[in-house]
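Working through the structure, step by step
Letter by letter, the chains look like this.
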Amino acid sequence: MARQLLGYLTTFRLLPEKQSAYRAYHSTETVELKVQSDILLVVDTGDLAALTLLDLSAAFDTVGQSILLRRLQVSYGLDGPVHRWFTSYLKGRTQYVRCGSAPSATKPVLYGVPQGSVLGPILFLLYTADLIQLVESHGLSPHLYADDTQVYSSCQAGESPQLLHRLSDCLVDVAA
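Residues numbered from 1 in each chain as written. Predicted model: local features only at pLDDT ≥ 70, side-chain atom pairs only at ≥ 80, totals over all residues. Heavy atoms only, no water.

**Comments concerning the overall build of the protein chain**
Just so we agree on the cut-off: By the criteria applied, helices consist of DSSP H or I runs no shorter than four residues and strands consist of E runs no shorter than two, each listed in order from the N terminus. Each residue is placed in one exposure class: buried if its accessible area under a 1.4 Å probe, protein chains only, is under 20% of its type's maximum, exposed if it is over 50%, and partly exposed if it falls in between. Contacts are residue-level and defined by heavy atoms, with any inter-residue pair within 4.5 Å sufficient. Computed with the Shrake-Rupley method and a 1.4 Å probe, the accessible areas treat only the protein chains shown as cover for residues. Residues scored as charged are limited to Lys and Arg (positive) and Asp and Glu (negative), so that His and the chain ends carry no count. To locate a charge, take atom NZ for lysine, CZ for arginine, CG for aspartate or CD for glutamate.
Broken down by element type, the protein chain carries seven helices and seven strands. When the elements of the protein chain are put in sequence order from the N terminus, they spell out α-α-β-α-α-β-β-β-β-α-α-β-β-α. Judged by the C-alpha coordinates and their principal axes, the protein chain covers about 60 × 40 × 25 Å. Looking at the 176 residues of the protein chain, the share that counts as buried comes to 36%. Taking all contacts inside the protein chain whose residues are at least 6 apart in sequence as the whole, residues at least 24 apart take part in 65%. If you sum the accessible surface of the protein chain, you get close to 10,400 Å²; carbon and sulfur atoms cover 57% of it. If you average the places of the 13 positive and of the 16 negative side-chain charges in the protein chain, the two averages end up 16 Å apart.

**Digging into helix α2 (residues 28–44)**
Quick note on the threshold: To estimate the expected span of a helix, subtract one from its residue number and multiply by 1.5 Å. The directions from the helix axis to the C-beta atoms are what the arc is built from.
Taking 1.5 Å of rise per residue, 17 residues should cover 24 Å, and α2 covers 24 Å from first to last C-alpha, within 8% of that figure. Among all positions in α2, only V31, V35, I39 and V42 are buried. Along the axis of α2, the buried residues cluster in a sector spanning 60 degrees; they form a single face. When the buried face of α2 is taken as reference, the exposed residues oriented beyond 90 degrees from it are L33, L41 and D44. Two residues or fewer after α2 comes G46, characterised by a positive phi angle close to 95 degrees.

**As for helix α4 (residues 80–90)**
Regarding α4, the residues found buried are H83, F86, Y89 and L90. The arc enclosing the buried residues of α4, seen along the axis, measures out at 120 degrees, which places them on a common side. Opposite the packed face of α4, turned more than 90 degrees from it, sit the exposed residues P81, R84 and S88. Against α1 (2–11), α3 (65–74) and α5 (119–128) lie the buried residues of α4. Positive phi appears at G92, one or two residues downstream of α4, with a value of about 85 degrees.

**Focus: the side chain of H143**
Basically, it comes down to this: Distance and chemistry together define a polar contact, namely a pair of N or O atoms within 3.5 Å, with one atom able to donate a hydrogen and the other to accept it when in protein, and with adjacent residues in sequence counting only for side-chain atoms on both sides.
For H143, the location among the structural elements is in strand β6 (residues 141–145). There is a polar contact of 2.7 Å between the side chain of H143 and the side chain of S20. Among residues more than four places away in sequence, those in contact with H143 are E17, K18, Q19, S20, V31, K34, V35, D148, T149 and Q150.

**Here we look at the environment of T52**
Within the secondary structure, T52 is located in strand β1 (residues 48–55). In the structure, T52 is positioned 86 residues away from H138 in sequence and 14 Å away in space, judged by C-alpha atoms. If sequence neighbours within four positions are ignored, T52 has contacts with T149, Q150, V151, L167 and L171.

**A few points about the environment of L119**
Along the chain, L119 turns up in helix α5. Sequence separation between L119 and A2 is 117 residues, and the spatial gap between their C-alpha atoms is 5.2 Å. Setting aside its immediate chain neighbours within four residues, L119 contacts M1, A2, L5, W85, F86 and Y89.

Right, dumping it as structure tokens:
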């Protein structure tokens, strides 16, 4: 399924260009070179650059399954039997805690993608793709790698308070 999904996303150019993980020819080197090059070009002109690094803790556990399923349908055109398959893959999972030999009550898993699967990282990538547009809406440049996000921009020396304000507003929106 992962191979089919990646083939579909690649064929129809649906993978976010500014996400350098879980896809061929997009690695840690890709994101490092892109961000570093952009910043060095700005600094070489005498402008200031600001870089904020975000790391989502327990990233795969934070995926809202209902939101992901809606996004697969609306943003990526995965409907009908394919959407039903993804629904059955994500929904209906349960969890419990065992302390010694005593298990807790079973609870439904409403968040997260199955870990240890090759499909989990791809689904996470599709879930977080809108983060790119959110960062860009603040006039900033994003680049994602797995659960790490680089947010950066530049300005002339006298405009640094405005840039810091845009960065701060963006971080508030990301946290919301």
